[in-house]
Amino acid sequence: MSMTVRSEQACFGGTVGFYSHASTETGTEMKFSVFVPATASSRSLPALYFLAGLTCTEETFMIKANALRHAAELGLVLVAPDTSPRGLGLPGEDDDWDFGTGAGFYLDAEAEPWKRNYRMYSYVTRELPAIVEANFPAEAGRRGVFGHSMGGHGALTIALKNPQAYRSVSAFAPICNPVVVPWGEKAFGNYLGPDRARWAAWDACELLKRGSRFPGPILVDQGLKDQFLSNQLRPEALEAAAASATQELVLRRHGDYDHSYWFIQTFIEDHLRWHADRLGA
C-alpha cells in the first residue's frame, strides 16, 4: 500500500515522520505521522494510535504532547492521523472551527453532502492500520487507541465498537456524551441527519447502555479547570454509564488543569505506560 514520505527526522534514537496517501475511504489525500523507536530495527512493536481534537492536524500530538521520549523508552510505535478530510469545498465545511475541516468526529457520516468523504471511523479503524502495518514495524495484534477531547470521544467509541481489535484504550478530557452537548449535537445533526436515534451508535455512554463493553479497564483523565467541562465533556455521564454497565473505568480528576496540551504533557507518561503494560511493550 503506497504512501508518500513528506519528511522524516531522527528523534530520541528513532524516527518521527510525516506521510500522506490517497485514501479510498475519504476520497482525498490523507496525512498522518508516525514515530518509530530505535528498538523496531530488531522486531515489530505495538502501535498506539492517538486521535487529536478539534482544529488539530497530524502534527499536533507529535509536536506538543512530549510523548516521543517516553515512547522511545517503552518501545511503542505512535501513529497520529489528521482529524478530517480537507480541501473538498463542501458547503459549510470551513464556516466554523468546530465542524467540517478539522472536526471529523471519528464517525462515518450518513447525510449529504458529508457521507461520501467524512468517513473518519472507517479510515482510522481499517484503512490507516493497513497502511501503517504494511509500511512500518507495527504488529497488527497489538493495537491501542487514545485521544483528546473530540479524539477522546473517538477513542472510546472505537474501542467499544471494536473490542477485539484494540488491547488498550484511554482518553484525555473526552467528549463523553456527545448526543446531549452542543459540539455533538452540531456535528451529529449535520453528519448523521436529524434522527437522533441514529446518533447513539457514536456516543460512548449510549454504547455502554446498549451493551457494548471493552474487555479491559478504560483510563480517563479530566482537568477540573477545563473550560469545556460542564457544557461539553460530561465525564459524570460516562462514570454513571460505566458503573451501570459494570465496565471498569479509571476516571481521574485533577484540580488545577485545563483542556490544553499542558494537561496532556503532564499525564502523557502515565497513559503511555498504561498502554505499554497492556500491549506487552
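Residues numbered from 1 in each chain as written. Predicted model: local features only at pLDDT ≥ 70, side-chain atom pairs only at ≥ 80, totals over all residues. Heavy atoms only, no water.

(A) How the structure looks around unusual backbone geometry. Cis peptide bonds are those with omega within 30 degrees of zero, and the linkage from E112 to P113 qualifies with 0 degrees. Residue position: P113 is located in the loop between strand 5 (77-81) and helix 3 (120-135). Although it is not a glycine, A173 adopts a positive phi angle of roughly 45 degrees. Mapped onto the elements of the fold, A173 is located in the loop between strand 7 (168-172) and helix 5 (182-191). (Helix = DSSP H or I, 4+ residues; strand = E, 2+ residues; numbered from the N terminus.)

(B) Region of the structure containing the pattern of salt bridges. Going through the model one piece at a time under the given rule, you end up with 21 salt bridges. Among the ionic pairs, D98 bridges to K186, the shortest N-O distance being 2.7 Å. Separated by 88 residues along the polypeptide, D98 in the loop between strand 5 and helix 3 and K186 in helix 5 bring together distant segments of the chain. Through salt bridges with shared partners, a single ionic network connects E25, D108, R119 and R126. (Salt bridge = Lys/Arg side-chain N within 4 Å of Asp/Glu carboxyl O.)

(C) Representation of the pairing of strand 3 (residues 29-36) in the model. Burial analysis of strand 3 places six of its eight residues in the buried class, which makes it a mostly covered element. Relative to strand 3, strand 2 (residues 14-22) runs antiparallel, the two being bridged by eight bridges. Within strand 3, the position partnered with A22 by the bridge is E29. Taken together, strand 2 and the strand that follows it, strand 3, pair antiparallel across an intervening segment of six residues, in which G27 is found at a positive phi of about 70 degrees. Here strand 3 pairs with strand 5 via four bridges, running antiparallel. (Buried < 20%, exposed > 50% of the residue type's maximum accessible area, 1.4 Å probe, protein only. Pairing = 2+ DSSP bridges.)

(D) Representation of the sheet that holds strand 9 (residues 249-254) within the structure. Taken in spatial order, the nine strands line up as 1-2-3-5-4-6-7-8-9 in an open sheet, and their pairing is mixed. Sheet topology places strand 1 (4-11) and strand 9 at the edges, where each strand pairs with a single neighbour. Taken pair by pair, the neighbouring strands of this sheet meet at an average axis angle of 20 degrees, ignoring direction. (Axes fitted to C-alpha atoms, helices over the stretch in contact; angles between N-to-C directions.)

(E) Seen up close, helix 9 (residues 261-279). Bending of helix 9 peaks at approximately 50 degrees at the position of F267. Looking at the residues trailing helix 9, positive phi occurs at G280, about 70 degrees. (Bend = angle between axes of the 7 residues up to and from the residue.)

(F) Spatial organisation of the packing of aromatic side chains. Overall, the coordinates contain 20 aromatic pairs when judged by the stated rule. Look at F50 and F146: their rings are 4.9 Å apart centre to centre, the planes differ by 80 degrees, and that puts the pair in the edge-to-face class. One end of the pair, F50, is in strand 4 (residues 45-51); the other, F146, is in strand 6 (residues 138-148), and 96 residues separate them in sequence. Owing to a relative accessible area of 1%, F50 belongs among the buried residues under this scheme. By relative accessible area, which is 0% here, F146 ends up buried. Both rings, one in W183 and one in F228, keep their centres 4.7 Å apart while their planes meet at 50 degrees; by these two values the pair is tilted. (Phe/Tyr/Trp six-rings, centres within 6.5 Å; stacked < 30°, edge-to-face > 60°.)

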